[in-house]
Amino acid sequence: MRYLALPLLSQNLTESTARAQTLSLYLQLSLQVSLSQRNESTMSSSSSSLPSCPKKVVTLKSSEGETFEIEEIAALQSKTLENMIDENCADTPIPLPNIKGKILAKVVEYCNKHAEVGVDAESLRAWDAEFVNVENTTVFDYILAANFLEIPTLLDLTCQSVADMIKGKTPAEIEKTFNIKSAFTPEEEEQVRRENQWAFE
Amino acid sequence: MADTLFSTLSDDVVLNIFSKLEDDPRHWARLACVCTKFSSLIRNVCWKAKCCATIPSVVADLADATSSASSSSPPGGWSSLHKLAVCCPGLLHAGVLLENSDFGLERELGPNEDFSRSDRPQPDSSSSATAANASSSSSSSINCRENSVPVDSCSWSLYDDLYFDTVYNTSESQEGVQLGDEDVAVERGYVKVGGDTNACKRRKIWRSMRSHLASGVWNLCREQGNKLLASRFRGDCLYLCDWPGCVHIEEKRNYMLFRGVFKNFKRSMVWRTINDGNRSKIDVNCAFCSCKETWDLHSAFCLRRIYGYHDDGEPVVRAYICENGHVSGAWTDLPLYT
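Residues numbered from 1 in each chain as written. Chains lettered and ligands numbered in written order. Predicted model: local features only at pLDDT ≥ 70, side-chain atom pairs only at ≥ 80, totals over all residues. Heavy atoms only, no water.

Considering the overall build of chain B
A count of helical and extended segments in chain B gives twelve helices and nine strands. Counting all 338 residues of chain B, 53% fall into the buried class. Residue pairs in contact within chain B that sit at least 24 positions apart in sequence constitute 69% of those at least 6 positions apart. Here chain B has roughly 15400 Å² of accessible surface; of this, 51% comes from carbon and sulfur atoms. (Helix = DSSP H or I, 4+ residues; strand = E, 2+ residues; numbered from the N terminus. Buried < 20%, exposed > 50% of the residue type's maximum accessible area, 1.4 Å probe, protein only. Contact = heavy atoms within 4.5 Å. Areas by Shrake-Rupley, 256 points an atom, 1.4 Å probe, with all protein chains shown as cover.)

Let's talk about the pairing of strand E8 (residues 317–321) of chain B
Residues and elements named next belong to chain B. Among the five residues of E8, five are classified as buried, and the element is accordingly described as predominantly covered. Side chains Val317, Ala319 and Ile321 of E8 all project onto a buried face; the interleaved residues Arg318 and Tyr320 project onto the opposite face, where all are buried too. Note that strand E7 (residues 295–296) and E8 share two bridges and pair antiparallel. Opposite Asp296, over in E8, you have Tyr320 as the bridge partner. Summarising the sheet, E8 and strand E9 (residues 326–331) pair through five bridges and their orientation is antiparallel. In the sheet register, Tyr320 faces E9, and the bridge partner there is Ser328. (Pairing = 2+ DSSP bridges.)

Describing the interface of chain B and chain A
Between chain B and chain A, the residue contacts involve 43 residues of the former and 38 residues of the latter. Counting the surface lost from both chain B and chain A, the interface buries some 3800 Å², and carbon and sulfur atoms represent 66% of this. At the boundary of chain B with chain A, the tally comes to two salt bridges. Where chain B packs against chain A, one counts five residue pairs in polar contact (both at pLDDT 80 or more). Those elements giving two or more residues to the side of chain B that touches chain A turn out to be helix H1 (11–19), helix H2 (25–32), helix H3 (36–54), helix H5 (77–86) and strand E2 (212–213) of chain B. Per-element tally for the side of chain B that touches chain A: the top contributor is H2(B), with seven residues. When its residues are assigned to classes, the side of chain B that touches chain A shows 21 nonpolar, eleven polar and eleven charged. (Buried area = accessible area lost by both parts, 1.4 Å probe. Salt bridge = Lys/Arg side-chain N within 4 Å of Asp/Glu carboxyl O. Polar contact = N/O pair within 3.5 Å; in protein donor to acceptor, adjacent residues only side chain to side chain. Nonpolar A, V, L, I, M, F, W, Y, C, P; charged D, E, K, R; others polar.)

Structural notes on the pattern of salt bridges
Residues and elements named next belong to chain B. Applying the stated criterion to the full structure yields 20 salt bridges over all chains. A salt bridge links Lys37 to Asp11; the nearest nitrogen and oxygen atoms lie 3.7 Å apart. One end of the pair, Lys37, is in helix H3; the other, Asp11, is in helix H1, and 26 residues separate them in sequence. Judged by its relative accessible area of 31%, Lys37 falls in the partly exposed class. Several salt bridges converge on common partners, so that one network encompasses Lys252, Arg253, Asp312, Glu314 and Arg318.

A look at the pairing of strand E6 (residues 254–262) of chain B
Every regular strand shows the same layout, with side chains that alternate between the two sheet faces. Residues and elements named next belong to chain B. Burial of E6 is extensive: eight of the nine residues sit out of reach of the surface. Two strands pair when backbone bridges link them, and strand E4 (residues 238–241) and E6 are joined in this way by three bridges, in the antiparallel orientation. Residue Tyr239 lies in a different strand from E6, and its bridge partner there is Val261. Here four bridges tie strand E5 (residues 246–249) to E6, and the two strands are oriented antiparallel to one another. Paired with Cys246 across the two strands is Leu257, which belongs to E6. Pairing geometry for E6 and E9, over six bridges, is antiparallel. For Phe258, the partnering residue across the bridge sits in E9 and is Gly329.

So, the packing of helix H4 (residues 101–115) of chain A against helix H5 (residues 121–131) of chain A
Residue and element names in this part refer to chain A. Contact geometry for H4 and H5: axes closest at 11 Å, N-to-C directions at 175 degrees. The angle between H4 and H5 places the two elements in the roughly antiparallel class. Contact residues: H4 offers Lys106, Glu109, Tyr110, Lys113 and His114, while H5 offers Leu124, Trp127, Asp128 and Phe131. Residue composition of the contact of H4 with H5, by class: four nonpolar, one polar and four charged. (Axes fitted to C-alpha atoms, helices over the stretch in contact; angles between N-to-C directions. Parallel < 35°, antiparallel > 145°, perpendicular 65-115°, else oblique.)

Description of the environment of A:Leu76
For A:Leu76, the location among the structural elements is in the loop between helix H2 (72–75) and helix H3 (79–86). A relative accessible area of 26% means that A:Leu76 is categorised as partly exposed.

Brief notes about the packing of aromatic side chains
This structure, assessed with the given rule, holds 13 aromatic pairs over all chains. Ring centres 5.5 Å apart and planes at 45 degrees place the aromatic pair B:Phe262 and B:Phe265 in the tilted group. The exposure class assigned to B:Phe262 is buried, which follows from its relative accessible area of 1%. Measuring from ring centre to ring centre gives 5.6 Å for B:Phe265 and B:Trp271, while their planes differ by 65 degrees; the resulting arrangement is edge-to-face. An identical accessibility class is assigned to B:Phe265 and B:Trp271; each is buried. In textbook terms, an aromatic cluster arises when at least three aromatic residues are bridged by ring pairs, as seen for A:Phe140, A:Phe178, B:Phe6, B:Phe18 and B:Phe38. Against the face of B:Trp271 rests B:Lys266, its NZ or CZ located 4.7 Å from the ring centre. The cationic tip of B:Lys281 hangs over the ring face of B:Trp295; the distance from NZ or CZ to the ring centre is 4.6 Å. (Phe/Tyr/Trp six-rings, centres within 6.5 Å; stacked < 30°, edge-to-face > 60°. Lys NZ or Arg CZ within 6 Å of the ring centre and 35° of its normal.)

Right, here's the structure in full:
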């Protein structure tokens, strides 16, 4: 029977700090439980209480052959990687030929950040905002990577940032920002403009 | 051709991005103007999904009506239906700007022959265009326009504001979009010869004249339609937007602009009445499809009888319908003393 050693409320600790500590301990514990369940066969002791057991890492290989390591916990945010881990294909480096090293590094960083415990929502949101505060081409690379690796949170974040770029822009500005060629014939262009004139009022 | 960022994305990712722009209908409308791929995605997927989510009963009804046709889209396409749900036709398309001081008789019966026109230049034959009655009634309006200083004292009229604002001040129109059809429609006959219009007042009211995003709830329902039509048309199914629609506060009175669509218009009693009565069309474009002319439901006696006229000749409620069954119109408050 395992039980948590709860932090005592002393005069030096505020209630919220204590709550955060409790939560943090709880999360670590549940992570450990899930880890130990996953690695039953490999772990020597299943009754270790708090983070002292070795963390499993997954190796990813970018299109240029560069390798990146990511903790399994963090990797689970990607459905693609999760499937591979489940099927025990994650022991060797996983090749990702359509993701460049530069992008893969950032994706790993994202997953690591989002797997961290004890980060409050506000600062995570600020971190996310900073993460997508990059050039358009990079954001689109993130989208492609998130789509391929099936990371719903990253996909949402990056798609939202593109959507925010589109808001408030006229069609001409959208074409310019994203380098889009309209391909309308003059008649089609006129017709579609007329139909949607109301959106410009 | 330079690489476009969006060309690397699959359709479902693009739709994911578009789904984050769902809250304001103007975003999708602007995106539809960007390129053919966006336009087709928005028409065929986004607008369709939005209509099915917000007005499922209307969609189901219209789909029933066109089940014999090969396509399952409503008349005018998903873009028209979506536009009906969210877009106010504006004073222009709701016929509010039409001349009404004669209770609409000129449109019905033709121009008053007694009116002396010897001091006015004759209109070009090209300007009296399509429908016979409509053009003869509008030719007198063109006379007014072509006279820079009218002989009888027409002070500044609403029309003049519009004319100068929309034609001469094109630099002020957004992104240089040509006003095109709207221009022609305005030139053709929206004259309010009223001595009460103050010459010094040049309100910039042209924006609310054309169709724009409607205020209020974006929904169409049948109950409103029943309130509009005369009792013998109760069998017809007309979907109208929720009351009070998009409210426009104008000088003389407030207009509650509405829009709607008939189910199976060509098989309705209203259509039969209009067709059998050989009603002439009015030069009011449909705001929701490419129809250039519409029929006036009020003068065709399709609206309920209790809706009469105000003292100055304006109908209490007016409605115009196009070939595809799209309805645009305006309520006003019933006069207190009749």
